[in-house]
Amino acid sequence: TSPLDQANLARVFPGRPDGTVSEALAWHFDHYVLSHATLYVDLHSAGIRCELPALAGYDASDDRSREAAQVFGAPVLWGHPNIPPGRTVSAAKARDIPAIYIEARGAGRIHPADLAIYRTGLRNLLRYLGIVPGDPESRHCEVHLFGNGDLDESATAGADGFLVPEVQVLDPVEAGARLGRLLNLQGQVIEEYRAPRSGRVALVHACPLTKAGEPVFLVTGTLG
């Protein structure tokens, strides 16, 4: 979130040339950078307060996007039947440019294994596109998630408190299973969070101190 306009650049595409700082940045990126791409790769992480698995997300309706995600070689793939608006990847889709996004586990740090995945994956794509010589390094997909993947649809905290998770990222869960509890200063339970569907845990709030409105858990489906 930019301190200049309180906007999230990952939610304002395609932006406006005469808009706020974030909107203008999105518009110029879309018109002067993204418009020249044959493949777009958006590098992300789960940020400071949340944890995600290291993954490559792709547009399940675009074979080019799926193939690029497979070539990148992250241990987790996430196919999305729908691409929400406002993202760089949705701006690429509007231009019929195949796009993928990459997530690292976040939680306010860079894990050496995630950095190695980024480096190998980008080298794989450069080789796949013929920009540098050689063949992509084959990597095994350990988990294949499938679902909308909109982190805005995560379960959110209804109050400030201390989160006690009872699951970890990528744990399989059944619909209705308890994911965790939110406690107050006296250790009393304020809220409980349960899986809305069967699938895998895709996001966990990694910081015990939790603010009202913050995402705490996300569960999505799997392929196979």
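Everything here concerns the structure above.
What counts and how
Residues numbered from 1 in each chain as written. Predicted model: local features only at pLDDT ≥ 70, side-chain atom pairs only at ≥ 80, totals over all residues. Heavy atoms only, no water. Helix = DSSP H or I, 4+ residues; strand = E, 2+ residues; numbered from the N terminus. Expected span 1.5 Å × (residues − 1). Buried < 20%, exposed > 50% of the residue type's maximum accessible area, 1.4 Å probe, protein only. Contact = heavy atoms within 4.5 Å. Phe/Tyr/Trp six-rings, centres within 6.5 Å; stacked < 30°, edge-to-face > 60°. Core = buried A, V, L, I, M, F, W, Y, C linked by side-chain atoms within 4.5 Å. Axes fitted to C-alpha atoms, helices over the stretch in contact; angles between N-to-C directions. Parallel < 35°, antiparallel > 145°, perpendicular 65-115°, else oblique. Nonpolar A, V, L, I, M, F, W, Y, C, P; charged D, E, K, R; others polar.

**Let's talk about helix H4 (residues 112–128)**
Now for step 1: Here H4 spans 24 Å end to end across 17 residues, near enough to the 24 Å set by a 1.5 Å rise per residue.
Now for step 2: Within H4, the full set of buried residues consists of Asp114, Ile117, Tyr118, Thr120, Gly121, Asn124 and Leu125.
Now for step 3: In this structure, the buried residues of H4 make contact with strand E1 (40–43), helix H2 (63–72) and strand E5 (99–103).
Now for step 4: One or two residues past the end of H4 sits glycine 130, with phi positive at roughly 80°.

**Remarks on the environment of alanine 99**
Now for step 1: Looking at the element boundaries, alanine 99 is found in strand E5.
Now for step 2: A residue is classified by how much of its surface remains accessible, and alanine 99, at 9% relative accessible area, is buried.
Now for step 3: It is 7.8 Å that separates the C-alpha atoms of alanine 99 and aspartate 42, two residues lying 57 residues apart in sequence.
Now for step 4: Alanine 99 has contacts with Leu39, Tyr40, Tyr58, Asp59, Ser65, Val89 and Ala92, leaving out every residue within four places of it along the chain.

**Thoughts on the packing of aromatic side chains**
Now for step 1: Throughout the structure, instances matching the rule amount to four aromatic pairs.
Now for step 2: Arranged with centres 6.2 Å apart and planes meeting at 75°, the rings of tryptophan 27 and tyrosine 32 form a pair that is edge-to-face.
Now for step 3: Residue classification places tyrosine 32 among the exposed positions, given a relative accessible area of 54%.
Now for step 4: Between tyrosine 193 and phenylalanine 217, the aromatic rings sit 5.9 Å apart at their centres with planes inclined by 50°, giving tilted as the arrangement. Remark: phenylalanine 217 occurs in strand E14 (residues 215–222) and tyrosine 193 occurs in strand E11 (residues 189–194); sequence separation between them is 24 residues. Exposure class is identical for tyrosine 193 and phenylalanine 217. Each is buried.

**Some details on the nonpolar core**
Note on soluble globular proteins: their nonpolar side chains tend to be buried together.
Now for step 1: Within the largest apolar cluster, 23 residues are counted, with the highest numbers of intra-cluster contacts made by Tyr40, Trp78, Ala92 and Leu145.
Now for step 2: Elements represented by at least two residues in this core include exactly strand E4 (76–80), helix H3 (88–94), E5, strand E6 (143–146) and strand E12 (199–205).
Now for step 3: In terms of residues, this core owes the most to one element, H3, which gives three residues.
Now for step 4: Setting aside residues no more than four positions away along its own chain, alanine 92 makes contact with Leu34, Tyr40, Ile97 and Ala99.
Now for step 5: Counting 16 residues, the second-largest nonpolar core is a separate cluster that includes Ala54, Tyr58, Phe72 and Ile117.

**Notes on the packing of H2 against H4**
Now for step 1: One way to put it is that H2 packs onto H4 with a least axis distance of 8 Å and a crossing angle of 125°. One element, H2, and the other, H4, form an angle in the oblique class. Here Glu67, Ala68, Val71 and Phe72 of H2 lie close against H4, whose contacting residues are Ile117, Tyr118, Gly121, Leu122, Asn124, Leu125 and Tyr128.
Now for step 2: Among the residues making up the contact of H2 with H4, the classes are represented as eight nonpolar, two polar and one charged.

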